[in-house]
Structures are given as structure tokens and as C-alpha cells.
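Remarks on the overall topology
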Amino acid sequence: MAILPIIWAPDPVLKTKCRSVDVVDDEVRRLIDDMFQTMYFAPGVGLAAPQVGVTKRVIVVDVAGKDEKPQPIALVNPEIVWRSDATQIYEEGCLSLPELYADVERASHVKVRYLDRDGAEQKIEGEGLLAVCLQHEIDHIDGVLFVDHISALKRNIMMKKMVKAKKQRAREQAA
Ligand SMILES: [Zn+2]
């Protein structure tokens, strides 16, 4: 397993509509393991493959609280098959936009169909933070970031901060 570098916005890979996985093989399972390790190390509650530079429809989530048992879920080719009309507003962040947060309104309850790490079809229902996380991560594999759900004004301010932060990181890495 490996901790992979997380790509920061703005980056074309984060705007890419990712391709479906044909076969859940050892390569995909290795990607899943690396993504979990990267997510836990960050730490975060979800991570999508494009955030580590892989444009495949793979996401991992774990919304368990600090004192709870881990609840890792890996979803290959996840698809929202139902979303509630009822919505919730949650203050979201993203490992690709570190230290930036904004209120985002999304469905409060979703049903998602996906393949697990053995390639078996599964369904999951989520509400609360799990619903937020599933929608946020599935957005990622369609090239959508949480800031795409907020006003252009707020988004532009955040993206300017990211351009600065990326320049700073590049300078630090070069030094
Ligand atoms: Zn994210």
C-alpha cells in the first residue's frame, strides 16, 4: 500500500469525466487500498480516484466518527439510482481544496448501486453525512467539485486562493 499525492484544484484531471472500470481486478484493488491509506492519512472521509490522478470511476468513503469502528466502503462504478426531494445543507471541504469550506445543498438521502472490491453488485442507502459524502465523491468522477455548487463569486475567490496555495506548494517542493 502507498500514500499517494493528492492533486489540488485547479487541475484538468479534476475536471475529467472518468471512465467506467471494466473488470475489478488486482490493479483496481491495489488502487482502492492505496486510496484508503491516502484518505486515512490525510485525513478525510472520502476520496475519488481522479484526486490521485487516476481517471477511473472508483471512490472510497468512511464516515465513521473518531471513536467509532472504521466503516470503509469502496465503490466501483457507483451510480445514484435514487435521490430524495428533501435536501440538506452541509459545510463541505475537499482534500483537493485544503482548508476551504462552503455550504452545499444536496439531496438528504440517496441510494447508490456499485461494484464492491470483488466485483459483486451492491446497493447502499445513505443519509446525513454519508449521503453528502457519496454525492460529493460521485461528483468527482464526473469532473465536478463542491465549489461548482456555490455562487461563481465565492467559487472564484476560492479558486484564486487555490492558485496561490499551489504556487506556494510548488515553491516549497522546489526548495
Ligand atoms: Zn472532494
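Our subject in this report is the structure included herewith. (Residues numbered from 1 in each chain as written. Predicted model: local features only at pLDDT ≥ 70, side-chain atom pairs only at ≥ 80, totals over all residues. Heavy atoms only, no water.)

Concerning the coordination of the zinc ion
To be explicit about the condition: Coordination here is defined by N, O and S atoms within 2.8 Å of the metal (3.2 Å for Na, K and Ca), and since water is not considered, a site can look incomplete. Under the scheme used here, helices are H or I runs from DSSP no shorter than 4 residues and strands are E runs no shorter than 2 residues, and both carry numbers assigned from the N terminus. Each residue gets one of three labels from its accessible area relative to the maximum for its type: buried under 20%, exposed over 50%, partly exposed in between, using a 1.4 Å probe on protein chains only.
The zinc ion binds to the protein through C94 (SG), H136 (NE2) and H140 (NE2), with metal-donor distances spanning 2.1 to 2.3 Å. Mapping the donors of the zinc ion onto the primary sequence yields the spacing C-x41-H-x3-H. Here the residue C94 occupies a position in strand β4 (residues 87–94), and H140 occupies one in helix α2 (residues 128–140), the gap between them amounting to 46 residues. The two residues C94 and H140 agree in class, both being buried.

Quick notes on the side chain of S96
So the rule is basically this: Two residues form a contact once any of their heavy atoms are found within 4.5 Å.
Note on placement: S96 falls in the loop between β4 and β5 (97–107). Discounting residues that sit within four places of it in the chain, S96 has contacts with I6, I7, W8, A9, L14, Q51 and M162.

Examining the sheet that holds strand β2 (residues 58–61)
The strands making up a sheet are joined through hydrogen bonds of the backbone, oriented either antiparallel or parallel. Our working definition: Whether two strands pair depends on DSSP finding at least two bridges between them. Angles here are taken between N-to-C directions and fall from 0 to 180 degrees, while the axes themselves are lines fitted to C-alpha atoms, restricted in helices to the stretch in contact.
With antiparallel pairing, five strands are arranged side by side in an open sheet as β1-β2-β3-β6-β7. The open sheet is flanked by β1 (46–48) and β7 (121–127), the only strands paired with a single partner. Within this sheet the neighbouring strands show an average axis-to-axis angle of 40 degrees, counted without direction. Of the pairings in the sheet, the one linking β2 to strand β3 (residues 73–83) comprises four bridges and is antiparallel in character. Considered in β3, the bridge of I59 is made with L75. Running over the sheet, helix α1 (residues 26–41) touches β1, β2 and β3 and is turned about 40 degrees from β2. Running at roughly 125 degrees to β7, α2 makes contact with β1, β2, β3, β6 (109–115) and β7 of the sheet.

Details of α1
Note the threshold: For a helix, the expected span equals 1.5 Å multiplied by the residue count minus one.
The first and last C-alpha atoms of α1 sit 22 Å apart over 16 residues, in line with the 22 Å expected at 1.5 Å per residue. The complete set of buried residues in α1 reads V28, L31, I32, D34, M35, F36, T38 and M39. Looking at the buried residues of α1, the elements they touch are β1, β2 and β3.

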